[in-house]
Amino acid sequence: MYLAQVHVIKTFRKLEEQLYVSEQNKPMIVVLAGADTPFRHDTDREMLFPTAPQESNFYYLSGCTVPSSFLLLTFQSGTSLEHNPDIQLFIPKTEPADLMWSVPPPSLEEAARAYQVTRVAHPDTFIDTAGELKALADASVHVLPFDSSPFPALPQNLARTVSKANITITDRLLLPALHRARLTKDATEIDEIRRANTISSRAHEVVMPVLGQGVRRTIVPGKGAGVDRPLLPGEWMIEKEAEAEALFISSCRLEGAVHQAYLPIMAASTRALTLHHCCNDCEFAWGPIKPHDQHNHGYLGHNDEMRFIPQVLLIDAGCEWNCHASDITRTMPVGNGGKVTPEARAICELAAMVILKPGMHWDAVQLLCHRTLMRGFHRLGIFYTPESPGSGSWNAEEAILASRVSTAFFPHGLWHSLGLDVHDVPSASAPAITGAVLGHASFYTYLLPRLPLEEGMIVVLSYEADRRRRASLPDMRRAYVLCVGERAPVGHHDPPGGTASTRGSPRGSGGSRKVDADADVELLEAVDAAETNNATDEE
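Here we summarise the structure given alongside this text.

Observations concerning the pattern of salt bridges
Then step 1. Here the structure, examined in full by the defined rule, presents 16 salt bridges.
Then step 2. With its nearest N and O atoms 2.8 Å apart, the salt bridge here joins Arg371 to Glu397. Of the two residues, Arg371 is situated in helix H10 (residues 362-380) and Glu397 in helix H11 (residues 397-403); the sequence distance between them amounts to 26 residues.
Then step 3. Note that Glu398 is salt-bridged to Arg371, the shortest N-O span being 2.5 Å. Of this pair, Glu398 sits in helix H11 while Arg371 sits in helix H10; the two residues are 27 residues apart in sequence, bridging distant segments of the chain.
Then step 4. Each of Arg182, Lys185, Asp421 and Asp424 takes part in a single network of salt bridges with overlapping partners.

Considering the sheet that holds strand S2 (residues 70-75)
Then step 1. Judged by pairing direction, the sheet is mixed, and its six strands sit side by side in the order S4-S3-S2-S1-S5-S6 without closing on themselves. The open sheet has two edge strands, strand S4 (119-121) and strand S6 (168-170), and neither has a second partner. On average, each strand axis in the sheet is inclined to that of its neighbour by 20°, with strand direction left out of account.

So, the packing of aromatic side chains
Then step 1. One pass over the full model with this rule turns up seven aromatic pairs.
Then step 2. Measuring from ring centre to ring centre gives 4.8 Å for Phe12 and Phe75, while their planes differ by 10°; the resulting arrangement is stacked. Of the two residues, Phe12 sits in helix H1 (residues 4-16) while Phe75 sits in strand S2, which places them 63 residues apart along the sequence.
Then step 3. Under the relative-accessibility criterion, Phe12 is labelled buried at 1%.
Then step 4. Taking the ring centre of Trp321 as reference, the NZ or CZ of Arg195 above it sits at 4.2 Å.

Examining unusual backbone geometry
One can expect most non-glycine residues to show negative phi and most peptide bonds to be in trans.
Then step 1. Residue Asn322 is not a glycine yet carries a positive backbone phi of 50°.
Then step 2. With respect to the helices and strands, Asn322 occurs in the loop between strand S11 (320-321) and strand S12 (324-325).
Then step 3. For Asn322, a relative accessible area of 40% gives the class partly exposed.

Definitions and cut-offs
- Residues numbered from 1 in each chain as written.
- Predicted model: local features only at pLDDT ≥ 70, side-chain atom pairs only at ≥ 80, totals over all residues.
- Heavy atoms only, no water.
- Salt bridge = Lys/Arg side-chain N within 4 Å of Asp/Glu carboxyl O.
- Helix = DSSP H or I, 4+ residues; strand = E, 2+ residues; numbered from the N terminus.
- Pairing = 2+ DSSP bridges.
- Axes fitted to C-alpha atoms, helices over the stretch in contact; angles between N-to-C directions.
- Phe/Tyr/Trp six-rings, centres within 6.5 Å; stacked < 30°, edge-to-face > 60°.
- Buried < 20%, exposed > 50% of the residue type's maximum accessible area, 1.4 Å probe, protein only.
- Lys NZ or Arg CZ within 6 Å of the ring centre and 35° of its normal.

This is the structure:
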């Protein structure tokens, strides 16, 4: 059973932190609406989404995926509701006319057994139940933002009912409280995310050998394959982005994952430069055909002498497991005998060794990665050094960082939070920053939580070098998932260098801008040591 009560109490605690002390012992009520089943415009056809149908905050507090449901929560410190909050779930009735067409919702008895709630009822009693809240003196009602279309709408007569009960209703505090509560995960959430990542990792591993076998011409279709009959799974080859997508999703479904956490990205050749290339509608680049000519399907299957030009297939895809997301990026070599080119390998090996631990502020890690990239580009000759012929101090590391040119090669943040959403809890991950900034503000533009790490955070770590400025080098991206406070990645795939974090007590809060100097020094010393070892190995 999903442990909803733990999340409900945690969320109310985060609500209390935003209230004046004089208000913290008063009754608090939360009202949430679950997602409705979406339909195509002006038709009765359900929309097919790759992601789970339930609104994430609703699921976090209930574990319920039944569409068109409502949730009513009551909590009060200093009373029995502090440790046993009232959790009332309202699910739709079964309509006899719909039984022929749709899967019915669970009965009230089935829902009471399936969900950790105090009471289950139908929505037609929701307003009457809300009206009974007038018995709670000085209570406040908290809802998600009224004017925000991403959230399911509450019943139109709820506000009128609450106003009659002389209860204050606010939409300012609940979303920040939910995001702060969801930012750190408990053991059950970590297990769910680990399962999603394990399934996704195996799906990546399914695509890799099929891609390689096709390139090596070791897949031999049977008689009539693709002509008199469809290709069977063992005869599939990957020549197009869509074929890689089909294989990835099939592998996830075979392991029981119904939804994808986001639209899968299968980007071949120079299309890997587009971070969200979700259309997956192109073929690989063939030589000597130009890279953007996409009219050469069928060469692998017909044993033609045509060969792929050296390129990459970037797969950024992950499934959901029980509404919990995964996010994995792998870049696979295509052509060149299935091996990465020397230039691509050199870029991949620039990844820094970073020691993560609770209390470390991520701004320091982000700045360090820009430094590591610049050092690597100096070593590879992509950037001149001050000692290069005709060069000077303007090509020193600090001067390059001050010029902000590194943002062209490292366009977004090193990590993002992961949980019920693939880019999880944005308001808690990126609080308003005041005071001094480490480096230039452009280093922290996209997908970057800017706060100290806390034990139990799930983060997706990304290494990226964007080759827009140097087209002869292919784009290489990798990502893996790490739980702060654990010693191994959250999933069935290995990180591209680097170590998992060490255990420690949480320090700092999401809104703090103060950076731990000791943590910064330790981090920089570790990276400098790693850089020295790398240089020694090369010599």
